[in-house]
Amino acid sequence: MDVITTEGLTKYYGSTRGVEDLTMTVPEGSVYGFLGPNGAGKTTTIRCLLGMLKPTRGTAQLFGTAVNLDGSELRRRIGYVAGEVIMFEKETGRWHMEYVSGMRGAKPSLADELVERFEFDPSKRVRELSKGNKQKLALILGMMHDPELLILDEPTSGLDPLNQEAVYAVIDERVAAGRTVFLSSHILSEVERVCERVGIIRAGRLAAEESVHSLLAKRLRELEVTFAEPVEPAFLASVPGVDKVERIGERTLTARAKGDVIDDVIKRLAEKTVTDVEIELASLEDVFLEFYRAQEGEDPSDDSASDAETPARDDAEGGEVR
Amino acid sequence: MSWTLLRATLHQRRASMFWFSVGLVFYSWLMVWFWPQIGGGQYAEMIENMPPEMLALFGGNDISFASMGGYFQTEYLGLMWMVIVGCAIVMYGVGSLAGDIGKGTMELTLAQPVSRLTVVLTRIAVLVVYVLVLAAATFVPIQVFGPTYDVDLTARTFWLLFALGSLFMLALGGIAMLASSIFRDSGKPAGIAAGLLVMMWILDLVSNVSEAAELFDPVNLVGYWQPGKVINDNVVAAEAWWVYGAVAVVGLIGAVLVFRRRDVA
C-alpha cells in the first residue's frame, strides 16, 4: 500500500510558485528522501500533505484517503517534525509533551525512551533551550506516539553528530518496526544514510526520483594519476565518460569519471607507466550538485543531462527522471 | 471542542487575563469609592459649569451627568472601560488565530489530530470565558463595594450591565476574530479591530452634535453601550441586544468559515 500519494500537486502563493505538478508515491514501510535545496518546495509539499495548505491544483492522499483541510483523523497516524522549530516559548518541554499527548488522546509510548536517548531535559522552558535542544524536543514530540508515518522536515538541523546519529538510529528502528518515513532534507549525507529512495525536487517540480542505490551507482569519481613520464591531457580525455582533465606539472593528471567507465580508465592507464593513482568516490552531494548543474544546462555532455531530457524509467534501479 | 486546547489557551492567556481583571477590579472599586466624594452637589455643580456644546458632545442631552448613571458613564464605563476591555479583547481575538499563525505555533497544534473547527471553536470558548471574567471583574466590585459608598444598584441593573457589557465585548471579539481569521499575523487585524472601535467612538461623539454622523448610529456598537441609562433607568434598548448579538454571531461564524478554508502556515 502507498502511504503517500500525490497527483499533480500544485501550490502557488499568489503568483509565487511553491510546488508544481508533483506526482509521487511513498510505499508503506519505506524511507523516502525528499531532496532539494532551500526554496525548492519541500516544506510546501509537506504542508499540503498535512492539510495546512490548500493545493492550487492536484490531490494529496495519505493512507489512501484524500487530505482534508479540516480533517483530523489522518494526522492521528502521522508524526511531524517541522523544519523551522517553533514552539510556545514560555512553556516547558514537559508542557509541550502533555499538550501534544492531550490532543492525541493517547499516552506517548516512546516519550521516556526518546528523552533519555536524546539526553533532553524536559523541565526547561523552550526559551531557555538552545537550537539543538529545541530540535530534540521537536523530534520527541513528533516521534513519541510511534506514528505510522513520520514526516521529518530537516530533522537533524542544529544537532551535533552524536545526536544526529541517535536520530538516524531511531529512524532505523521505526522503519524496522514497519513505520514509513518521509524525510525532507538538503543534507545529502543524511539521505544517503537513512533513505531507500529519493525524490529530487527542483524549482517546485520533481526533477527525478530513484533509489539511493541507483543514485550512488552514478557516483562520480575523482582521479589523480601520476605517470613515470610527461603526458598530455588528451591521453585521458579521450576515454568516454572522462572529463575535466587537467594537468598538474608535467606528469600528473586530474580528471573526473562518470558512470561505469572505471574499467576503460584503468585499461587506458595501463598503456603507460603509472607511479601513483588516487581514485576517490564523490559524495552524493557532488552527484546532486552535478545533477543540478546538468539540469541547468551548464554541462550538456553530462549523463544526467541526457537522462533529464528523456523521461524514462530505469527498470533496474527503479529510477525515473522527469 | 478540545479540553486540552481549552486548558492550554487559558493557561497561555492567564497573565493578561489576570492583570486586566485586577485592573478592572481596582478601577471599579476606585469609581464607587469616588462617588460620595465627587458625586452629588459638587459633581452637579462642576457639570453645570461645563460649556453646553461639550455636554452635548459627550451625550449630555441624553443623560444627566450629575446622576449616578451619568457619573459612571462619563468617568468610567463610557470611555476608560471601553479602552481597557477593548485592548484585552482585541489582543486576545487577533492573537487567537492570526497571532498563532504568524508566530508559527499553529503549525504545532494543527500537526496533531485536531480539526480546524475544533481549534476555532475552542478559541471562541476561551473568548467567552475571557468576556465573562472581564465582565465579572467590572461589575461585581461595583455591586459588592457599592453599598459601602452609597452606590446601590438593583440586581436587575447588575445583570443588565453584566449581560450588555458581555455582549458588547463578544461583538468586539467577533470582529477581532473575523479579522484574525483572514490575516497571517496579528498586526493588521489588531489595527482593523482597534481602528473600528476608535472610529465608532468618534462617530458616537460626533453624532451628539451632528445629524450627518447619526447616519451610522444603527451600526455603531459604541452608541448602543449606554451604561448610564441602565443604571439610572434600568432599561436597555432592544436594538442593543440585537445589534450586539448579530455582530457577535456574524463575526464568530465568519471566523469559523474563513479559518476552516484558509492556509494556516
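Bear in mind that the values here come from a model prediction, so they are computed numbers and not experimental data.

### Topic: the overall build of chain A
- Along its length, chain A carries 11 helices and 16 strands.
- Put simply, of all contacts in chain A between residues at least 6 apart along the chain, 67% involve residues at least 24 apart.
- Here chain A has roughly 14,200 Å² of accessible surface; of this, 47% comes from carbon and sulfur atoms.

### So, the environment of Phe 118 of chain A
Residues and elements named next belong to chain A.
- Within the secondary structure layout, Phe 118 lies in the loop between helix 3 (111-117) and helix 4 (131-143).
- The class of Phe 118 is buried, set by a relative accessible area of 0%.
- For the pair Phe 118 and Leu 139, spaced 21 residues apart in sequence, the C-alpha to C-alpha distance is 9.3 Å.
- Excluding residues within four positions of it along the chain, Phe 118 makes contact with Lys 136, Leu 139, Ile 140, Asn 163, Ala 166, Val 167 and Val 170.

### Some remarks on the packing of helix 8 (residues 116-145) of chain B against helix 13 (residues 238-261) of chain B
Residue and element names in this part refer to chain B.
- For the pair helix 8 and helix 13, interaxial distance at closest approach is 9 Å and the crossing angle is 150°. Between helix 8 and helix 13, the angle falls in the class roughly antiparallel. As helix 8 packs across helix 13, the resulting crossing turns out to be right-handed. Here Arg 116, Leu 117, Val 119, Val 120, Leu 121, Ile 124 and Leu 127 of helix 8 come into contact with helix 13, specifically with Leu 252, Ala 255, Val 256, Phe 259, Arg 260 and Arg 261.

### Side note on the interface of chain B and chain A
- With 27 residues of chain B at the interface, the matching set in chain A holds 27 residues.
- Between chain B and chain A, the buried area comes to about 2,500 Å², and carbon and sulfur atoms account for 56% of it.
- In terms of surface lost to chain A, no three residues of chain B exceed Glu 107, Leu 108 and Pro 113 of chain B, which account for 25% of the buried area on that side.
- Of the charged contacts, one joins Asp 263 of chain B and Lys 11 of chain A as a salt bridge, the two residues approaching to 2.6 Å between their closest N and O atoms.
- There are 15 residue pairs in polar contact (both at pLDDT 80 or more) connecting chain B and chain A.
- Breaking the side of chain B that touches chain A down by element, the ones donating at least two residues are helix 1 (3-12), helix 7 (105-110), helix 8 and helix 13 of chain B.
- Here the side of chain B that touches chain A is built from residues that sort into 10 nonpolar, nine polar and eight charged.

### Quick look at the domain arrangement of chain A
- If you check the domain split of chain A, you get domain 1 (2-215) and domain 2 (220-281).
- For domain 1 of chain A versus domain 2 of chain A, the distance between C-alpha centres works out to 43 Å.

### As for helix 10 (residues 187-207) of chain B
- Over its 21 residues, helix 10 of chain B runs 30 Å from end to end, which matches the ideal 30 Å to within 8%, given 1.5 Å per residue.
- Considered for burial, the residues of helix 10 of chain B that qualify are Pro 189, Ala 193, Leu 197, Met 200, Asp 204, Leu 205 and Ser 207 of chain B.

### Regarding a nonpolar patch on the surface
All names here are of chain A.
- Residues Ile 266, Val 274, Val 277 and Ile 279 make up a contiguous nonpolar surface patch of about 300 Å² in total accessible area.
- If you tally residues by element for the nonpolar patch, the top one is strand 14 (residues 274-281), at three residues.
- By the secondary structure assignment, Ile 266 is in helix 9 (residues 262-269).

### Regarding the sheet that holds strand 2 (residues 16-27) of chain A
Residue and element names in this part refer to chain A.
- Taken together, four strands build an open sheet; the order of strands is 2-1-4-5 and the sheet is antiparallel. This sheet does not close on itself; its edge strands, each paired only once, are strand 2 and strand 5 (65-66).
- Direction of pairing for strand 1 (residues 2-13) relative to strand 4 (residues 57-62): antiparallel, over a ladder of five bridges. Note that in strand 4 the partner of Thr 10 across the bridge is Arg 57.

### Considerations on the sheet that holds strand 12 (residues 242-248) of chain A
Residue and element names in this part refer to chain A.
- What the four strands build is an open sheet, ordered 12-13-11-14; its pairing is antiparallel. The sheet is open, and its two edges are formed by strand 12 and strand 14, each paired on a single side. Strand after strand, the sheet turns through a mean of 15° between neighbouring axes, direction not considered.
- Where strand 12 meets strand 13 (residues 252-258), five bridges bridge the pair, whose relative direction is antiparallel. Opposite Arg 247, over in strand 13, you have Leu 253 as the bridge partner.

### Some words on the pairing of strand 6 (residues 78-81) of chain A
Residues and elements named next belong to chain A.
- Side chains of strand 6 alternate between two faces, with Ile 78 and Tyr 80 and Gly 79 and Val 81 buried alike.
- Direction of pairing for strand 6 relative to strand 7 (residues 149-153): parallel, over a ladder of four bridges. Directly across from Tyr 80, in strand 7, lies its bridge partner Ile 151.

### Brief notes about the pattern of salt bridges
Residues and elements named next belong to chain A.
- Per the counting criterion, the structure on display carries 21 salt bridges over all chains.
- Of the charged contacts, one joins Glu 173 and Arg 117 as a salt bridge, the two residues approaching to 2.7 Å between their closest N and O atoms. Here Glu 173, found in helix 5 (residues 161-176), pairs with Arg 117, found in helix 3; they are 56 residues apart in sequence, far enough to count as distant.
- Two residues, Asp 243 and Arg 256, come together in a salt bridge whose shortest N-O distance is 2.8 Å. Linking Asp 243 in strand 12 with Arg 256 in strand 13, this pair joins segments that are 13 residues apart in sequence.
- Residue class for Asp 243 comes out buried when judged on its relative accessible area of 16%.

### Notes on a negative patch on the surface
Residue and element names in this part refer to chain A.
- Taken together, the side chains of Glu 222, Glu 224, Asp 276, Glu 278 and Glu 280 present a region of like negative charge at the surface.
- Mapped onto the negative patch, the elements with two or more residues apiece are strand 11 (220-227) and strand 14.
- Element by element, the count of residues in the negative patch is highest for strand 14, at three residues.

Quick notes on the rules
Residues numbered from 1 in each chain as written. Chains lettered and ligands numbered in written order. Predicted model: local features only at pLDDT ≥ 70, side-chain atom pairs only at ≥ 80, totals over all residues. Heavy atoms only, no water. Helix = DSSP H or I, 4+ residues; strand = E, 2+ residues; numbered from the N terminus. Contact = heavy atoms within 4.5 Å. Areas by Shrake-Rupley, 256 points an atom, 1.4 Å probe, with all protein chains shown as cover. Buried < 20%, exposed > 50% of the residue type's maximum accessible area, 1.4 Å probe, protein only. Axes fitted to C-alpha atoms, helices over the stretch in contact; angles between N-to-C directions. Parallel < 35°, antiparallel > 145°, perpendicular 65-115°, else oblique. Left-handed = near helix turned anticlockwise from the far one by under 90°. Buried area = accessible area lost by both parts, 1.4 Å probe. Salt bridge = Lys/Arg side-chain N within 4 Å of Asp/Glu carboxyl O. Polar contact = N/O pair within 3.5 Å; in protein donor to acceptor, adjacent residues only side chain to side chain. Nonpolar A, V, L, I, M, F, W, Y, C, P; charged D, E, K, R; others polar. Domains from an automatic or database assignment. Expected span 1.5 Å × (residues − 1). Patch = residues over 30% accessible without salt bridge, like charges linked within 9 Å, V, L, I, M, F, W, Y side chains within 5 Å. Pairing = 2+ DSSP bridges. Lys, Arg positive; Asp, Glu negative; His and termini not counted. Charge placed at Lys NZ, Arg CZ, Asp CG, Glu CD.

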